[in-house]
Amino acid sequence: MNSLLNVILTTDFAFSVLRVTTPILFAALGALISNRAGIINIGMEGIMLVSALTGVIVSAYTHSAWVGLLGAALAGTLIAGILAFFTLKFKTHIILGGVAINMFASGGTVFILYLLSGDKGSSTSLASKVLPSVEIPLLKDIPVLGPILSGHHILTYFSIIAVFAVYYLLNRTPLGLRIRSVGENPHAAQSVGVSVIKIQYIALLLSGFFAGLGGAYMSMGYLSLFTRDMVAGRGWIAIAAESMGRSTTAGTALTSLLFGAADALANALQVLKIPAELIGTLPYVATVIGLLVYAVSETRKKNRKLKSPAAK
Amino acid sequence: MFKVKYFEAIRTTAVILIALVIAFIIISLVSDHPVKTIGIFLWEPLSTKGHIGNVIEMSIPLMFTGLAVSLLFRANMFNLGAEGIFYFSGVVTSVLAIHLTTLNGWVHPVVAILAGSIVGALLSAIPGILKAKWNANELVTSLMFNNILFGVGLYLLNYHLRDAKAFANVSFKFEETARLAKIFPGTRIHTGLIIVLLLIVLAHLFLYKTKWGYELRMTGINREFARYSGMKTAKVIILVHLIAGFIAGMGGSVEVLGMYNRFQWTSLPGYGLDGALVAMLAKNNPLSVIVSALFLAYIRIGADMMARLSDVPSEMISIIQAVIILLISAEQFLKFWKNRMLLKEAKASA
């Protein structure tokens, strides 16, 4: 047990929490935007996977990590656009549409990877680029905080900025107001002249954009290549984080951090010689428990409201 | 000539045709010999008795999971947990197939399969109870359970069942008594086919001829309405999860004993998610599950043959599957045509 504490109570561990939180946070912010517009995008997992591959391919062919990032973000937006087209125009069920996106992504990425590199497992033969890590001047010299907060991948900082950007977007802009009003009551929004379909299109595209950034981080930061099914459930964890964060920006960011910590803990626990197969389930167990705690408290709240005479 | 009542059938056919056309386009773009490759894709699965056997073998697990998911979808439960249960029940059955040495004859597989099915039912009940009692999103919990069950199952395989002498990540050999009998010489089609067909008929009777089946369908259409008309919807939801878990678990157990002599899945086999596709193609109708599972198995085997005999990888099929799902659940797709047919029929009868 001591050896475990020795691992956890280090700046390295805190650093790794932020490192593994990044993709979850991006996707959770995306899920937040689409959920606030009343349309649940469960294709996050697939969108991240497609973006991860696109980032690798574009950066390999253009020799620029930044163009790769742009490609990944655009690919994420495009896939979300396809989902939006089918669900909003053709009225495909949004959950089944998301399932389709995920199914397409897990096989389609392998298909394209194989065509381009002749390999079905990973993109080792593609000379893809990675985005840089950043040392922050001044901050990096502060003890404890410096080693935790400085020297991260640039997208990790982007993800933190994105939290504030999404908060501002949802709570301080006309578009944010429309997104929230469409999510809360589409008929009321429609009656005052808000185009529900248009707002949901925008929200889905934005969710794809953020998932795309998360995917780019996976293959151009977290790892420096694409491997098959590399997103490994992070898109789902992000959706759970969003729902446990009660669809608020701050809550979503905090629960993402919590799941990131569970993920990092799973890595740290390996010093205890617990089988890796069991440790790997830890983030998922944490997600189920988190969802359950949230659902139970919601039900209690609802029941209390029903019972209390003041509510009448 | 086209009647509105055939509209769903026409639309399903149209979706499949579009998906096949997209398959041809992809093959033409990728392959050096597109015509030959398309020929392999379409005809090879039906070319010999062995290949037809392959299609039917593959359709057996698809029918199990397709049936399980159909019932869940019918109750408007978006639970995709069949995947993890299929895997884990396979592990449970393998344990019994390896270690139960005293049973003989037909008792051994029956015990092993029933154990796998019951474990599946109990595991499936967890997301069901969470949904029924606290309204926890069954989609997210069931997907998390897939990963958890996979982790635990893989742990059991690697630490408790693994045969070190096999030079691969596989379990000890099953007892001969545990394996399911082959029923058609020259193929590997096993008694699981009879079991699943029987289950499908039972599910059909359950869904359309019993009170519980009626309650299940009503809960699926509108849970609030069902509740106000006096149905215990929480009970219905837990019940459908138990049944679906039982069927999916039985699928995993039957697949393991029917097709293998050792447990050897080191990743999730994917039949659970395929079950969602089968259910959608079947419009959540138990009897139609047979046809849609056979169709999916046919294009799968076609893609496998294509990957083996030509230059197009079999993963192409996942693109086709995505197209099928997107279009088959698209309410508005071809709706204009239905409206036109309605109008014409109304005029004709006026």
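Everything numeric in this text was worked out from a predicted model, so none of it was measured.

**Looking at the overall build of chain A**
Right, so step 1: A tally of helices and strands in chain A yields 14 helices and 2 strands.
Right, so step 2: Here the C-alpha atoms of chain A give a radius of gyration of 20 Å, agreeing with the 20 Å that 2.2 N^0.38 yields for 312 residues.
Right, so step 3: Dimensions along the principal axes, computed over C-alpha positions, put chain A at roughly 60 × 50 × 40 Å.
Right, so step 4: Residue burial in chain A is summarised as follows: out of 312 residues, 53% are buried.
Right, so step 5: If you average the places of the 22 positive and of the 11 negative side-chain charges in chain A, the two averages end up 14 Å apart.

**What to know about the confidence of the model for chain B**
Residue and element names in this part refer to chain B.
Right, so step 1: The pLDDT averaged across chain B works out to 90; a share of 99% of its residues lies at or above 70.
Right, so step 2: By mean pLDDT, helix H14 (residues 335–349) is the weakest element of chain B at 82, and helix H7 (residues 192–209) is the strongest at 96.
Right, so step 3: Scored by ipTM, the complex comes to 0.84, with pTM at 0.88.

**Some words on the environment of Gly-151 of chain A**
Residues and elements named next belong to chain A.
Right, so step 1: Within the secondary structure layout, Gly-151 lies in the loop between helix H6 (145–149) and strand S2 (152–153).
Right, so step 2: Put simply, Gly-151 and Thr-22 are 129 residues apart on the chain and 14 Å apart in space, counted from C-alpha to C-alpha.
Right, so step 3: The residues touching Gly-151, leaving out its near neighbours within four places in the chain, are Phe-15, Ser-133, Val-134, Glu-135 and Tyr-157.

**Some points on the nonpolar core**
Right, so step 1: Membership of the largest hydrophobic core comes to 202 residues, with the highest contact counts inside it found for Phe-41, Phe-73, Leu-257 and Met-316 of chain B.
Right, so step 2: When sequence neighbours within four positions are dropped, the list of residues in contact with Met-316 of chain B reads Phe-111 of chain A together with Ala-23, Ile-26, Ile-27, Phe-41 and Met-306 of chain B.

**Focus: helix H8 (residues 174–184) of chain A**
Residues and elements named next belong to chain A.
Right, so step 1: Every buried residue belonging to H8 is among Gly-176, Ile-179 and Val-182, and all of these are buried. Here the buried residues of H8 occupy an arc of 130° about the axis, which is enough to place them on one side. Turned more than 90 degrees away from the buried face of H8, the exposed residues are Pro-174, Leu-177 and Glu-184.
Right, so step 2: Residues of H8 that are buried sit in contact with helix H2 (11–36), helix H7 (154–172), helix H9 (186–191) and helix H10 (196–222).

**Considering the interface of chain B and chain A**
Interface size, as often reported, equals the accessible area lost upon joining of the parts.
Right, so step 1: Chain B puts 45 residues into the contact, and the matching count from chain A is 40 residues.
Right, so step 2: Carbon and sulfur atoms supply 82% of the area that chain B and chain A bury against each other, a total of about 3,700 Å² over both sides.
Right, so step 3: One can count 2 salt bridges joining chain B with chain A.
Right, so step 4: Salt-bridge contacts for Glu-315 of chain B lead to Lys-120 of chain A; the nearest nitrogen and oxygen are separated by 3.1 Å.

**Digging into the packing of helix H12 (residues 249–268) of chain A against helix H14 (residues 282–307) of chain A**
Residues and elements named next belong to chain A.
Right, so step 1: H14 packs onto H12 with a crossing angle of 150° between their chain directions and a minimal axis gap of 8 Å. When the axis of H12 is compared with that of H14, the two are roughly antiparallel. Once H12 is placed against H14, the crossing between them reads as right-handed. Contacts from Phe-259, Ala-262, Asp-263, Leu-265 and Ala-266 in H12 reach Leu-282, Pro-283, Ala-286 and Thr-287 in H14.
Right, so step 2: For the contact of H12 with H14, the per-class residue count stands at 7 nonpolar, 1 polar and 1 charged.

**Overview of a nonpolar patch on the surface**
All names here are of chain B.
Right, so step 1: Among the surface-exposed residues, Trp-106, Val-110, Leu-114, Ile-118, Leu-122 and Leu-242 lie close enough to one another that they form a single nonpolar patch of about 590 Å² accessible area.
Right, so step 2: Residue contributions to the nonpolar patch peak at 4 residues, all from helix H5 (residues 107–134).
Right, so step 3: In this fold, Leu-114 is placed in helix H5.

**Remarks on unusual backbone geometry**
Right, so step 1: Although it is not a glycine, His-63 of chain A adopts a positive phi angle of roughly 55°.
Right, so step 2: Tracing the chain through its elements places His-63 of chain A in the loop between helix H3 (44–62) and helix H4 (65–89).
Right, so step 3: If you check the backbone angles, Asn-76 of chain B has positive phi at about 60° while not being a glycine.
Right, so step 4: Tracing the backbone through its elements, the reader meets Asn-76 of chain B in the loop between helix H3 (49–74) and helix H4 (82–99).

**Structural notes on the pattern of salt bridges**
Where charged atoms of side chains with opposite charge meet at close range, the side chains can pair.
All names here are of chain B.
Right, so step 1: This structure, assessed with the given rule, holds 11 salt bridges over all chains.
Right, so step 2: With a shortest N-O distance of 3.3 Å, Glu-8 and Lys-283 are connected by a salt bridge. Of the two residues, Glu-8 is situated in helix H1 (residues 7–30) and Lys-283 in the loop between helix H11 (271–281) and helix H12 (286–309); the sequence distance between them amounts to 275 residues.
Right, so step 3: Judged by its relative accessible area of 35%, Glu-8 is partly exposed.

**Examining the packing of aromatic side chains**
Right, so step 1: Enumeration over the complete set of coordinates arrives at 14 aromatic pairs over all chains.
Right, so step 2: When the centroid spacing of 6.3 Å and the interplanar angle of 50° are considered together, the rings of Tyr-217 of chain A and Tyr-222 of chain A count as tilted.
Right, so step 3: Each residue in the set Phe-86, Tyr-87, Phe-150, Tyr-260, Phe-263, Trp-265 and Tyr-271 of chain B is aromatic and connected to the rest through ring pairs, giving one cluster.
Right, so step 4: Over the ring of Tyr-114 of chain A we find Lys-120 of chain A; its NZ or CZ atom is 5.4 Å from the centre of that ring.

**Describing the confidence of the model for chain A**
Right, so step 1: For chain A, per-residue confidence averages 89 on the pLDDT scale, and 98% of positions sit at 70 or higher.
Right, so step 2: The weakest mean pLDDT in chain A belongs to helix H1 (residues 2–8) of chain A at 73; the strongest belongs to H10 of chain A at 96.

**A word on empty space enclosed by the protein**
It is a probe the size of a water molecule, rolled over the atoms, that shows where empty space is left.
Residues and elements named next belong to chain B.
Right, so step 1: Using the criterion set out here, one finds 1 cavity of 30 Å³ or more in the structure.
Right, so step 2: Approximately 100 Å³ is the volume found for the largest cavity.
Right, so step 3: Together, 16 residues line the largest cavity, and Asn-79, Gly-81, Ala-82, Ile-85 and Ser-124 are the ones closest to its centre.
Right, so step 4: Looking at the lining of the largest cavity, the elements that each hand over two or more residues are H3, H4, H5, helix H6 (138–161) and helix H10 (233–259).
Right, so step 5: Looking at the lining of the largest cavity element by element, the count peaks at 4 residues for H6.
Right, so step 6: Its residues placed into classes, the lining of the largest cavity shows 10 nonpolar, 6 polar and no charged.

**Some details on the layout of surface pockets**
Right, so step 1: Approximately 1,100 Å³ is the volume attributed to the second largest pocket.
Right, so step 2: Lining of the second largest pocket is provided by 36 residues; of these, Lys-131, Trp-134, Asn-135, Ala-136 and Asn-137 of chain B occupy positions nearest its centre.
Right, so step 3: Among the secondary structure elements, those contributing two or more residues to the lining of the second largest pocket are helix H11 (234–244) and H14 of chain A together with H5, H6, helix H9 (223–228) and H10 of chain B.
Right, so step 4: Looking at which element gives the most residues to the lining of the second largest pocket, the answer is H14 of chain A, with 8 residues.
Right, so step 5: By residue class, the composition of the lining of the second largest pocket is 15 nonpolar, 10 polar and 11 charged.

**Thoughts on the environment of Ala-264 of chain A**
Residue and element names in this part refer to chain A.
Right, so step 1: Among the secondary structure elements, Ala-264 is positioned in helix H12.
Right, so step 2: Ala-264 sits 256 residues away from Ile-8 along the chain, and the two C-alpha atoms are 9.2 Å apart.
Right, so step 3: If near-sequence neighbours (up to four positions away) are discounted, Ala-264 is found in contact with Phe-13, Ser-16, Val-17 and Val-20.

**Let's talk about the side chain of Thr-249 of chain A**
All names here are of chain A.
Right, so step 1: Checked against the element boundaries, Thr-249 lands in helix H12.
Right, so step 2: Overall, the relative accessible area of 4% leaves Thr-249 in the buried class.
Right, so step 3: In contact with Thr-249, other than residues within four places in its own chain, are Leu-29, Leu-32, Val-163, Val-166, Tyr-167, Leu-170 and Asn-171.

Parameters at a glance
Residues numbered from 1 in each chain as written. Chains lettered and ligands numbered in written order. Predicted model: local features only at pLDDT ≥ 70, side-chain atom pairs only at ≥ 80, totals over all residues. Heavy atoms only, no water. Helix = DSSP H or I, 4+ residues; strand = E, 2+ residues; numbered from the N terminus. Rg over C-alpha atoms; globule rule 2.2 N^0.38 Å. Buried < 20%, exposed > 50% of the residue type's maximum accessible area, 1.4 Å probe, protein only. Lys, Arg positive; Asp, Glu negative; His and termini not counted. Charge placed at Lys NZ, Arg CZ, Asp CG, Glu CD. pLDDT = per-residue confidence, 0-100. Contact = heavy atoms within 4.5 Å. Core = buried A, V, L, I, M, F, W, Y, C linked by side-chain atoms within 4.5 Å. Arc of directions from axis to C-beta. Buried area = accessible area lost by both parts, 1.4 Å probe. Salt bridge = Lys/Arg side-chain N within 4 Å of Asp/Glu carboxyl O. Axes fitted to C-alpha atoms, helices over the stretch in contact; angles between N-to-C directions. Parallel < 35°, antiparallel > 145°, perpendicular 65-115°, else oblique. Left-handed = near helix turned anticlockwise from the far one by under 90°. Nonpolar A, V, L, I, M, F, W, Y, C, P; charged D, E, K, R; others polar. Patch = residues over 30% accessible without salt bridge, like charges linked within 9 Å, V, L, I, M, F, W, Y side chains within 5 Å. Areas by Shrake-Rupley, 256 points an atom, 1.4 Å probe, with all protein chains shown as cover. Phe/Tyr/Trp six-rings, centres within 6.5 Å; stacked < 30°, edge-to-face > 60°. Lys NZ or Arg CZ within 6 Å of the ring centre and 35° of its normal. 1 Å grid on protein atoms, 1.4 Å probe; cavity = no way out; pocket = protein on both sides within 12 Å on 5 of 7 lines; lining within 4 Å. Points joined across faces, edges and corners; volume = space filled by probe spheres on them.

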